[in-house]
Amino acid sequence: MENWIGIITALGGLGAIALFFREIVAIVKLLRNGVAARESRRKNDIIAQRDAAIAERDAANQRAAAAEARTDRERENRRLVEGLAARLERKLILAGGTPDPWPDIDETTEITKT
């Protein structure tokens, strides 16, 4: 009978050890899933930040292109006005008049075509 008691005790001990390792494996899986979930959220946050930065860059490029186009239009309008003023000054001189001195023009003034 002593052998049966030893065998039953050994089987109980093995069962307990098996349950212990099963719980350890379950805990490790939970920890890994928690890490994986955090990493997944972090990756999604990084992707969202990247997409927001790309959208901001594209918006800034569009604003810069619009500002450059406006500058080009203003430059062309200024050249047209200067050309018209030069022709009128020439007509005034040919008609015998004396033109007034050129005024100081602030280059930041916006001239628009009407």
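Our subject is the structure that appears above.
Remember, it's a predicted structure, so these values are computed and weren't measured experimentally.

The rules behind these values
- Residues numbered from 1 in each chain as written.
- Predicted model: local features only at pLDDT ≥ 70, side-chain atom pairs only at ≥ 80, totals over all residues.
- Heavy atoms only, no water.
- Helix = DSSP H or I, 4+ residues; strand = E, 2+ residues; numbered from the N terminus.
- Buried < 20%, exposed > 50% of the residue type's maximum accessible area, 1.4 Å probe, protein only.
- Areas by Shrake-Rupley, 256 points an atom, 1.4 Å probe, with all protein chains shown as cover.
- Patch = residues over 30% accessible without salt bridge, like charges linked within 9 Å, V, L, I, M, F, W, Y side chains within 5 Å.
- Salt bridge = Lys/Arg side-chain N within 4 Å of Asp/Glu carboxyl O.

A. How the structure looks around the overall build of the protein. The helix and strand tally for the protein stands at one helix and zero strands. The burial tally for the protein puts 2% of its 114 residues in the buried class. Accessible area of the protein: about 10,400 Å², with a carbon and sulfur share of 61%.

B. Quick peek at a nonpolar patch on the surface. On the surface, Trp 4, Ile 7, Ile 8, Leu 11, Leu 14, Ile 17, Phe 20, Phe 21, Ile 24 and Val 28 cluster together into a nonpolar patch covering about 1,100 Å² of accessible area. Along the chain, the position of Ile 17 falls in helix H1 (residues 2-94).

C. Quick look at the pattern of salt bridges. If you walk through the whole model with that rule in mind, you get seven salt bridges. Notably, a salt bridge pairs Arg 63 with Glu 56, separated by 3.3 Å at the nearest N-O pair. Measuring nitrogen to oxygen at the nearest pair gives 2.9 Å for the salt bridge that ties Arg 75 to Asp 72. Taken as a pair, Arg 75 and Asp 72 lie in helix H1 at a separation of three residues, close to a single helical turn.

Keep in mind these numbers describe shape, not what the thing actually does.
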